[in-house]
Amino acid sequence: MYKEFDINECLAQTITWAKEVGKIHLEYFRKKELSIETKSSSYDLLTIADKLSEEYIVEQIRHAYPDHQVLAEESGLNEMVSDFCWVIDPVDGTTNFAQGIPIFSVSIGLRYRGKGIMGVVYAPFMDELFYAIKGQGVFHNGKPIHVSNKTELHQSLLCTGFPYDHGTNPDNNTDNIARILPHCRDIRRLGSAAYDLCCIAAGYFDGFWEMNLKDWDVAAATVIIEEAGGQVIRFRKEPNYCIIAANALIVGQMQEYIK
Ligand code: IPD
Ligand code: CA
Ligand code: CA
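Residues numbered from 1 in each chain as written. Chains lettered and ligands numbered in written order. Predicted model: local features only at pLDDT ≥ 70, side-chain atom pairs only at ≥ 80, totals over all residues. Heavy atoms only, no water.

### What about the coordination of the calcium ion (ligand 3)?
Within the protein, Glu 73 (OE), Asp 89 (OD) and Val 91 (O) serve as the donor atoms for the calcium ion (ligand 3), at 2.2 to 2.3 Å. Sequence spacing of the donors to the calcium ion (ligand 3): E-x15-D-x1-V. For the pair the calcium ion (ligand 3) and the calcium ion (ligand 2), the metal-to-metal distance amounts to 3.8 Å, and Asp 89 bridges them. Of this pair, Glu 73 sits in the loop between strand S3 (69-72) and strand S4 (76-77) while Asp 89 is found in strand S5 (residues 84-92), placing the two residues 16 residues apart along the sequence. (Donors = N, O, S within 2.8 Å, 3.2 Å for Na, K, Ca; no water. Helix = DSSP H or I, 4+ residues; strand = E, 2+ residues; numbered from the N terminus.)

Pasting the structure below:
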């Protein structure tokens, strides 16, 4: 399918890069001056670890796959035109990271002609590595994983998140929380969408939804969830990702409340 491209070798390389990025995260986490800046709003943070992590990955890809397109959260799209596009979130969970809360990850996805073919998510503090190649299964720290087999929403532990414009935009997910909370076991907000989605793939959470996610939040984890037998559906026709992720039965039940 892909001429002169070995996806298994590519996965091995990507895992090495993700672990190196994990070292960058841990070098700064709770230790060094983070040079915190704000982005789209005062709630949307950028640290030196985001910048250094992204620089590292983009440089590795430029060296290994110089003709591939790259979409990275902090630097945007590179100038290459290619069937292959890397989609990168250098630190997913920057608010946690900046506060000293250990739930954050690096997310590296690869798309071919717009479709996800590989995903790697690594949460270095917890040393949790998730990876998948389309059609070749999915692994968490080397062991195969599968989405939860729950059939009822009232037995399901859900996870969600809030958009960065929640201070100014009333369409900030609180209505969804109010509608669905009475019908599920409980709801968590961990703060790293890529990691949250991997917890869906492993069956640790039974359902996830969030609005206004970006390509870099979902690219890697979508392959991971689909390989784990789950579904990721978009509940609004918007350029940003408004998604529900779970097994097919729970996705259907969540759709009654998530608007
Ligand atoms: C954020 C995290 C968070 C989610 C936000 C994302 P960032 O990513 O994934 O859990 O609720 O929507 O933007 O900004 O830390 O890369
Ligand atoms: Ca993110
Ligand atoms: Ca990020």
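### Focus: the pattern of salt bridges
Within the structure shown, the criterion is met by 14 salt bridges. Across the pair Glu 73 and Lys 39 runs a salt bridge whose closest N-O atoms are separated by 3.1 Å. Pair noted here: Glu 73 is in the loop between S3 and S4 and Lys 39 is in the loop between strand S1 (37-38) and strand S2 (45-46), with a separation of 34 residues, a long-range link. Classification of Glu 73 as partly exposed rests on a relative accessible area of 23%. Measuring nitrogen to oxygen at the nearest pair gives 3.1 Å for the salt bridge that ties Glu 59 to Arg 62. Placement of both Glu 59 and Arg 62 in helix H2 (residues 48-64) is noted, with a separation of three residues, approximately one turn of the helix. Residues joined by salt bridges that share partners form a network here, namely Lys 39, Glu 73 and Glu 74. (Salt bridge = Lys/Arg side-chain N within 4 Å of Asp/Glu carboxyl O. Buried < 20%, exposed > 50% of the residue type's maximum accessible area, 1.4 Å probe, protein only.)

### What to know about the packing of helix H5 (residues 193-201) against helix H6 (residues 215-227)
Geometry of a packed helix pair, given as the angle between the helix axes and the separation of the axes. Packing of H5 against H6 leaves a shortest axis separation of 9 Å and a crossing angle of 5°. Comparing their axes, H6 and H5 come out roughly parallel. Of H6, the residues touching H5 (which contributes Ala 193, Ala 194, Leu 197, Cys 198, Ile 200 and Ala 201) are Asp 217, Val 218, Ala 221, Ile 224 and Ile 225. Broken down by class, the residue content of the contact of H5 with H6 amounts to 10 nonpolar, no polar and one charged. (Axes fitted to C-alpha atoms, helices over the stretch in contact; angles between N-to-C directions. Parallel < 35°, antiparallel > 145°, perpendicular 65-115°, else oblique. Contact = heavy atoms within 4.5 Å. Nonpolar A, V, L, I, M, F, W, Y, C, P; charged D, E, K, R; others polar.)

### So, the sheet that holds S4
Across the sheet, eight strands lie side by side as S4-S3-S5-S6-S7-S8-S9-S10; this open sheet has mixed pairing. Each end of this open sheet is capped by a strand with a single partner; those strands are S4 and strand S10 (143-144). Relative to strand S8 (residues 128-133), strand S7 (residues 115-123) is paired through six bridges, and the arrangement is antiparallel. Bridging across to S8, Val 120 finds its partner in Tyr 131. Against the sheet, helix H1 (residues 7-28) engages S5, strand S6 (105-112), S7 and S8, with an angle of about 35° to S7. Across the sheet, H6 is in contact with S3, S5, S6, S7, S8 and strand S9 (138-140); its angle to S7 comes to roughly 100°. (Pairing = 2+ DSSP bridges.)

### Quick notes on the environment of Met 211
Along the polypeptide, Met 211 turns up in strand S13 (residues 207-213). On the accessibility criterion, Met 211 (1% relative accessible area) is buried. For the pair Met 211 and His 183, spaced 28 residues apart in sequence, the C-alpha separation works out to 20 Å. Not counting chain neighbours up to four residues away, the residues in contact with Met 211 comprise Asp 171, Asn 173, Asn 176, Phe 235, Arg 236, Tyr 241 and Cys 242.

Everything listed here is a matter of geometry and, on its own, says nothing about what the molecule does.
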